[in-house]
Amino acid sequence: MKYFEDEVHNGNWDEVEKYLSGFTKVDDNRYSMKIFFEIRKQKYLEALDKHERSKAVEILVNDLKVFATFNEELFKEITQLLTLENFRENEQLSKYGDTKSARAIMLVELKKLIEANPLFRDKLQFPNLKNSRLRTLINQSLNWQHQLCKNPRPNPDIKTLFVDHSCGQPNGAQAPSPAINPLLGSLPKAGGFPLLGAHGPFQPTPAPVPAPLAGWMSNPSTVTHPAVSGGAIGLAASSIPAALKHPRTPPTNPSVDYPSGDSDHVSKRTRPMGISDEANLPVNVLPVTFPGHGHSQTFNAPDDLPKAVPRTLNQGSSTMSMDFHPVQQTLLLVGTNVGDIALWELGSQERLISKNFKVWDLSACSMPLQAALVKDPAVSVNRVIWSPDGSLFGVAYSRHIVQIYSYHGGDEVRHHLEIEAHVGGVNDLAFSHPNKQLCVITCGDDKTIKVWDATNGTKQYTFEGHEAPVYSVCPHYKENIQFIFSTAVDGKIKAWLYDNMGSRVDYESPGHWCTTMAYSADGTRLFSCGTSKEGESFIVEWNESEGVVKRTYQGFRKRSFGVMQFDTTKNRYLAAGDDFSIKFWDMDNIQLLTCFDADGGLAASPRVRFNKDGSLLAVSTNDNGIKILANSDGMQLLRTMENLSYDASRTPEAPKPTINPISAAAAAAAATSAGLADRSASVVAIAGMNGDARSLGDVKPRITEESSDKSKIWKLTEISEPSQCRSLRLPENLRVTKISRLIFTNSGNAILALASNAIHLLWKWPRIDRNSNGKATASVPPQLWQPSSGILMTNDVADTNPEEAVPCFALSKNDSYVMSASGGKISLFNMMTFKTMTTFMPPPPAATFLAFHPQDNNIIAIGMDDSTIQIYNVRVDEVKSKLKGHSKRITGLAFSHVLNVLLSSGADSQLCVWNTDGWEKQKARFLQVPAGRTQTAQSDTRVQFHQDQIHFLVVHETQLAIYETTKLECLKQWVPRESSAPITHATFSCDSQLVYASFLDATICVFTAMNLRLRCRINPSAYLPASVSSNVHPLVIAAHPSEPNEFALGLSDGGIHVFEPLESENKWGIPPPVENGSASSMAATPSVGAPGSEQAQRR
């Protein structure tokens, strides 16, 4: 590195690239691409700084143009620097100093990229050789020479290294004895592990250390990505010269096993487990196989893999976790993304149990949890799992709670334990038997692992030490020592004994993000499966004795659609869901064995789970179902259970739909404190059905002035079938549970979403023949986009749970920056690079709404959860004004550049108008809540200016309204019927002629903005499959910036749908006729969507 650093400091760019080319090329991987880009960018900027324009153009064309195919927008921005007198006028380069300091800063970045680049692994330092290494190499050479002797003798006499060794012809030839040559030293015991010593990074503790962990502690890896361990010395085919791959076996030395060309992976298994690199082998090396894995390596899609699809289950919502009963192997337990759990008997395809999420004892929950559940009852299941004997099963939820049920056969389950285990989500759950006592192990967003008594729920241990949310746990035992592996979302792997002595292991997982670990069924082999934030997936086997990756399995899609899940079976196979299919590997072979798509329809990254004997495999589908794959044994098992089910006397009643219990619990809690009971009752009636088809008769929103006169010709346009409109569900990241905020970019060619887990998702539409302008459309699927660096725009969440925070974001007019917050600091992101430009305003108070000033992108209005509004200048990092007038958190902000005012709304249902010159409050008025209606304590009131910048739309769960700004006068109000679902969000179309509104029952209504008359209703059946749970509903709606009839929905299950009318229609229904007096309140303000020439032309 020293030579490289000097050349960079001296600006010898040609020599720098020449030196790098010995290690990597531009397109080897994303790290290499970034390294070369940074170097060439610096060379380009230096030419510009010296005003050498012709040289800069040459660099741009010859060196930088190669990157245009990967990021066209960035290349355009770089090209535009030629037009500037000083490139520092570009905001991103405003802090560029002199050449020397810029090179130093770049070198720091280059070092990080080089260290992270797997192609440079083990090449950055001279190898640390042991003193005995030369002796080992000599011994290996002599061993090999002696094995090739025509007349090998025991204890050969080797006197020189200058010529090849050869034993002389003895009087009587005999096979070599296992006696060890004095040169070779003694052979360590196979299976032995290096012990923890004072020289290691951890000090010895009095607690016993399991041997599998000892090596991990004493030999920590220093590389960013664990490399494949060299393991003990063996005759690996890759290390044997080609001429020696087929040696002639000496007839007098039959005990030596020579590898052949087709036994590649068999030879890899001849390493004695646990022998160190410096092991000195005896002359006659016998092949040693790993214990318990003596199967043949030659197979092609073996018959014992489940391939047939005898069962398809309609679960009704997206599957998050599955587990087969350990004894009754046709019982499948399922947990979903809307909090449902189900128990299926696969033989009869009967759903024995179906339960919605319900807090069993709300009064026993902490106040933060109660408040969170009242505010947003949406909950997802993160994990379901059976106890080892199948008498209990546990459910881990995305909100604080773990529930343990006892199972008594058939459809009989009883409440056993409810534990508020973690602050935030409970990400994983497992059962274990430390000290012969059944325990429950949990991990969560609060960065801890906890152990609970499975009998009474008493907390026994809390393990702290992770610096990020803990994603998974894997309990195990070896040599009578019980321990737990844990993984966190920062990629750290730790191991814990059942004591309070802290973590025994601190290692990095491949991918550095979401990783799960699992042992083979016999407990002898450890595997992990993970996905990086960039979508790169890994399955690896670990060498427990050394704590390094032993083998990395190949065959994954370059960029997975979600976090990959895996499972093991029969001590032989690995299976993972990837690229809409199930992929299988033999544990001893890194190459993909086979791949099944199960007749199509699988999820992008499907969940997979084997039953205990591996005869059945459950796989999740993209239509909220589950496919059951079976081999011949599995088919027979299902037929047997089907016949038993047919013979048994069962009550022929279908499982009755149950009411979503959290609504009732929330209603009871809020009836006295927030007046929520009435609304909760309606929510229960609307959204409480579990998996049933929606009954829309009672829940469709209707305008209050709708006439019952049947003689009118006009009829409301109802869209109930997918064929009646154009809709497209965007490809999604499966770790996203719900979409909190949604916006089209101002250019109209992309959609930006903020998910409830604080991650931003950006979809861009490609320029193709069917979509030459690259605009967002429901006719062409977009791509979930990331920059070449692979980073994500992730909000700071501090110590808060982002799922419980109030998220907010705002996009700059030129689409260059997005400002965003999810309960923590406000972040300013570069939309081209996804880099965080700056963070500011740490809570408390936390930001709840953000808006850019229309004339100055450096001025931001920030609504806070303490009811204030702060006017902040980003450039000088200063709060210019603090506005006080609301009594609860701010829920909406909008600027009018015509009136020079800021409009604000709050959870107190108050509207305020502020002058933007001196920031004084001009007017305030409380929302007119319809008579007989109650509102929740946390009701959001949103505001949006009409295109004329004088009138504005008010959105509240009880109403839509049009107001005039200067008088704060309500000109028109639309109120849904009392029995109807609440409004979740609404927005003007880009030309302010329409209002799109979404409802809690998943209905979408389109209104004429002029008079708020309903003209079109889109029912859930038009875009949600019948299999989708009735809990799924839109949370946010966004209008396209230039296509008046296009909008998008963000759903509570993490999905995003884009809508357009049929091309033959080109509009959403026909406006109802204006009755006498029906629009009288708007007569004085014809500019609010009144039909005019522009409207007539468009239609």
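Just so it is clear, the model here is predicted, and its values are computed rather than measured. Here the residue index of a chain counts from 1 through its sequence in written order. Residues qualify for local features only when their pLDDT is at least 70, as the model is predicted, and side-chain atom pairs are given and counted only at 80 or more; totals for whole chains, interfaces and linings, by contrast, use all residues. The basis for the side-chain values is all heavy atoms of the structure; hydrogens and waters are excluded.

Section: the overall build of the protein chain
Reasoning step 1: Runs of E in the DSSP output that reach at least two residues are strands. Runs of H or I that reach at least four are helices, and both are numbered from the N terminus. For the protein chain, the count of helices and strands is 14 helices and 57 strands.
Reasoning step 2: The buried label applies to any residue whose accessible area, calculated with a 1.4 Å probe on protein chains only, is under 20% of its type's maximum; exposed applies above 50%, and partly exposed to all values in between. Across the 1099 residues that make up the protein chain, the buried fraction comes to 56%.
Reasoning step 3: In what follows, residue pairs with any heavy atoms lying within 4.5 Å of each other are defined as contacts. Residue pairs at least 24 apart in sequence account for 56% of intrachain contacts in the protein chain once pairs closer than 6 positions are excluded.
Reasoning step 4: Here the protein chain displays about 46,500 Å² of accessible surface, and carbon together with sulfur accounts for 51% of that area. Note on areas: Shrake-Rupley, 1.4 Å probe, and residue coverage restricted to the protein chains presented here.

Focus on the side chain of Glu17
Reasoning step 1: Its location among the elements puts Glu17 in helix H2 (residues 13-21).
Reasoning step 2: Overall, Glu17 belongs to the buried group, its relative accessible area being 16%.
Reasoning step 3: Residues contacting Glu17, with those up to four places away along its chain left out, are Phe36, Ile39 and Arg40.

Observations regarding the packing of helix H3 (residues 30-49) against helix H4 (residues 53-64)
Reasoning step 1: At a minimum axis separation of 8 Å, H3 and H4 run at an interaxial angle of 165 degrees. By the criterion of interaxial angle, the relationship of H3 to H4 is roughly antiparallel. The two elements H3 and H4 meet at a crossing, and its hand is left-handed. Where H3 abuts H4, its residues Phe37, Arg40, Lys41, Lys43, Tyr44, Ala47 and Leu48 lie against Arg53, Lys55, Ala56, Ile59, Leu60, Asp63 and Leu64.
Reasoning step 2: Residue composition of the contact of H3 with H4, by class: eight nonpolar, no polar and six charged. Note on method: axes are straight lines fitted to C-alpha atoms, helices fitted across the in-contact stretch only, with angles between N-to-C directions ranging 0 to 180 degrees. Small angles under 35 degrees read as roughly parallel and large ones over 145 as roughly antiparallel, with 65 to 115 read as roughly perpendicular and the rest as oblique. Here a crossing is called left-handed whenever its near helix is offset anticlockwise from the far helix by less than a right angle, and right-handed whenever the offset is clockwise. Basically, the charged four are Asp, Glu, Lys and Arg, the nonpolar ten are Ala, Val, Leu, Ile, Met, Phe, Trp, Tyr, Cys and Pro, and anything else, Gly included, counts as polar.

Describing the environment of Lys882
Reasoning step 1: Tracing the chain through its elements places Lys882 in strand S42 (residues 878-883).
Reasoning step 2: Along the chain, Lys882 and Gln870 lie twelve residues apart, while their C-alpha atoms are 4.5 Å from each other.
Reasoning step 3: In this structure Lys882 touches Thr868, Ile869 and Gln870, once residues within four positions along its chain are discounted.

Structural notes on the pattern of salt bridges
Reasoning step 1: Should a side-chain nitrogen of Lys or Arg be within 4 Å of a carboxyl oxygen of Asp or Glu, the pair is scored as a salt bridge. Applying the stated criterion to the full structure yields 31 salt bridges.
Reasoning step 2: Across the salt bridge formed by Lys43 and Asp63, the nearest N and O atoms sit 2.8 Å from each other. Of this pair, Lys43 sits in helix H3 while Asp63 sits in helix H4; the two residues are 20 residues apart in sequence, bridging distant segments of the chain. Per residue, the accessibility class of Lys43 equals that of Asp63, and both read buried.
Reasoning step 3: A single network of salt bridges, built from pairs that share partners, joins Arg525, Glu541, Lys550, Arg551 and Asp588.

Things to note about the packing of aromatic side chains
Reasoning step 1: Centres within 6.5 Å make a pair out of two Phe, Tyr or Trp rings, where for Trp the six-membered ring is used; the pair is then stacked when the planes are under 30 degrees apart, edge-to-face when over 60, and tilted otherwise. With the rule as written, the count across this model stands at 28 aromatic pairs.
Reasoning step 2: Seen from their ring centres, Phe556 and Trp585 are 5.0 Å apart, and the 40 degrees between their planes marks the pair as tilted. Of this pair, Phe556 sits in the loop between strand S21 (548-552) and strand S22 (566-569) while Trp585 sits in strand S24 (residues 581-586), and the two are 29 residues apart along the sequence.
Reasoning step 3: Among the aromatic residues, those joined into a cluster by ring pairs are Tyr3, Phe4, Tyr19, Phe23 and Phe120.
Reasoning step 4: In our convention, an over-ring charge means Lys NZ or Arg CZ found within 6 Å of a ring centre and within 35 degrees of that ring's normal. Directly above the aromatic system of Trp785 lies the positively charged group of Lys764, at a separation of 3.8 Å from the ring centroid.

Quick notes on the nonpolar core
Reasoning step 1: Core analysis: the largest hydrophobic core is formed by 36 residues, its most contacted members being Phe4, Val8, Leu20, Ile35, Tyr44, Leu45 and Leu64.
Reasoning step 2: Contributing elements (two or more residues each) for this core: helix H1 (2-10), H2, H3, H4, helix H5 (72-80) and helix H6 (99-116).
Reasoning step 3: Top element by residues in this core is H3. It accounts for ten residues.
Reasoning step 4: In this structure, Leu64 is in contact with Phe37, Arg40, Lys41, Tyr44, Ile59, Phe75 and Ile78, ignoring residues within four places of it in sequence.
Reasoning step 5: Ranked by size, the runner-up nonpolar core spans 26 residues in total, among them Val736, Ile739, Val780 and Ile1056. By nonpolar core we mean a set of buried residues, namely Ala, Val, Leu, Ile, Met, Phe, Trp, Tyr and Cys, connected to one another through side-chain atoms within 4.5 Å.

Comments concerning the confidence of the model for the protein chain
Reasoning step 1: Overall, the prediction assigns the protein chain a mean pLDDT of 78, with 76% of residues at 70 or greater.
Reasoning step 2: The predictor's confidence in any single residue is recorded as pLDDT, a number from 0 to 100. Of the regions scoring below 50 in pLDDT, residues 649-711 engages in 123 contacts with residues more than four places distant in sequence or in other chains.
Reasoning step 3: Confidence drops under pLDDT 50 across residues 1076-1099; counting only partners more than four residues distant or on other chains, this segment forms 39 contacts.

Quick look at the pairing of strand S36 (residues 817-821)
Reasoning step 1: A large share of S36 lies buried, amounting to five of its five residues.
Reasoning step 2: Neither face of S36 is exposed, since Tyr817, Met819 and Ala821 on one face and Val818 and Ser820 on the opposite face are all buried.
Reasoning step 3: Direction of pairing for strand S35 (residues 808-811) relative to S36: antiparallel, over a ladder of four bridges. Paired with Cys808 across the bridge in S36 is Ala821.
Reasoning step 4: DSSP bridges decide pairing: two strands pair if at least two such bridges lie between them. Across four bridges, S36 lies against strand S37 (residues 826-830) in antiparallel orientation. Each residue of the ladder has a partner; that of Ser820, found in S37, is Ser827.
Reasoning step 5: Connecting S36 to the next strand, S37, in antiparallel fashion are four residues, including Gly823 with a positive phi near 95 degrees.

Quick word on H6
Reasoning step 1: The first and last C-alpha atoms of H6 sit 26 Å apart over 18 residues, in line with the 26 Å expected at 1.5 Å per residue.
Reasoning step 2: Those residues of H6 that sit buried are Ala102, Arg103, Met106, Leu107, Leu110, Leu113, Ile114 and Ala116.
Reasoning step 3: Buried residues along H6 sit against H1, H2 and H3. Helix span, expected: 1.5 Å multiplied by one less than the number of residues in the helix.

Section: H5
Reasoning step 1: All buried positions along H5 are accounted for by Phe75, Glu77 and Ile78. Buried residues in H5, looked at end-on, bunch into an arc of 160 degrees, giving them a common side.
Reasoning step 2: Each element contacted by the buried residues of H5 is listed here: H3 and H4. To obtain the arc, one takes the directions from the helix axis to the C-beta atoms.

Side note on the sheet that holds strand S33 (residues 760-764)
Reasoning step 1: Spatial ordering of the open sheet is given by S31-S32-S33-S34, a layout of four strands whose pairing is antiparallel. Strands at the two margins of the open sheet, each flanked by one partner only, are strand S31 (739-744) and strand S34 (783-785). Averaged over neighbouring strand pairs, the angle between their axes works out to 25 degrees when direction is ignored.

Observations concerning the pairing of strand S6 (residues 381-386)
The side chains of a regular strand alternate between both faces of the sheet.
Reasoning step 1: Sheet topology places S6 next to strand S7 (residues 392-397); five bridges connect them, and they run antiparallel. Bridge pairing links Trp386 to Phe393 in S7.
Reasoning step 2: Linking S6 back to S7 in an antiparallel pair, the connection comprises five residues, with Gly390 at a positive phi of about 80 degrees.

Overview of the environment of Val379
Reasoning step 1: Looking at the element boundaries, Val379 is found in the loop between helix H10 (367-375) and S6.
Reasoning step 2: Given the relative accessible area of 4%, Val379 is considered buried.
Reasoning step 3: C-alpha of Val379 to C-alpha of Thr737: the two residues are 358 residues apart in sequence and 8.8 Å apart in space.

Looking at the environment of Asn12
Reasoning step 1: Tracing the backbone through its elements, the reader meets Asn12 in the loop between H1 and H2.
Reasoning step 2: Assessed through its relative accessible area of 34%, Asn12 is described here as partly exposed.
Reasoning step 3: Sequence separation of Asn12 and Lys43 is 31 residues, and the distance between their C-alpha atoms is 9.5 Å.

Considering the sheet that holds strand S14 (residues 470-478)
Reasoning step 1: Strand order in this open sheet of four strands is S14-S15-S16-S17, and the pairing throughout is antiparallel. Strands with a single pairing partner mark the edges of an open sheet, and in this sheet they are S14 and strand S17 (505-508). Across this sheet, the average inter-strand angle for adjacent strands is 20 degrees, counted without regard to direction.
Reasoning step 2: Of the strand pairs in this sheet, strand S16 (residues 492-497) and S17 are connected by four bridges, and their pairing is antiparallel. Each bridged residue has a counterpart across the sheet, and for Ala495 the counterpart in S17 is Val505.

Here we look at the side chain of Glu38
Reasoning step 1: Take Glu38: it is sitting in helix H3.
Reasoning step 2: Residue classification places Glu38 among the buried residues on the basis of a relative accessible area of 8%.
Reasoning step 3: Between N or O atoms, a polar contact is any pair within 3.5 Å; within protein, one atom must be a potential hydrogen donor and the other a potential acceptor, and residues adjacent in sequence are included only when both atoms are from side chains. At 3.4 Å, the side chain of Glu38 and the side chain of Lys41 are in polar contact.
Reasoning step 4: Excluding its chain neighbours within four sequence positions, the residues that come into contact with Glu38 are Met106 and Leu110.

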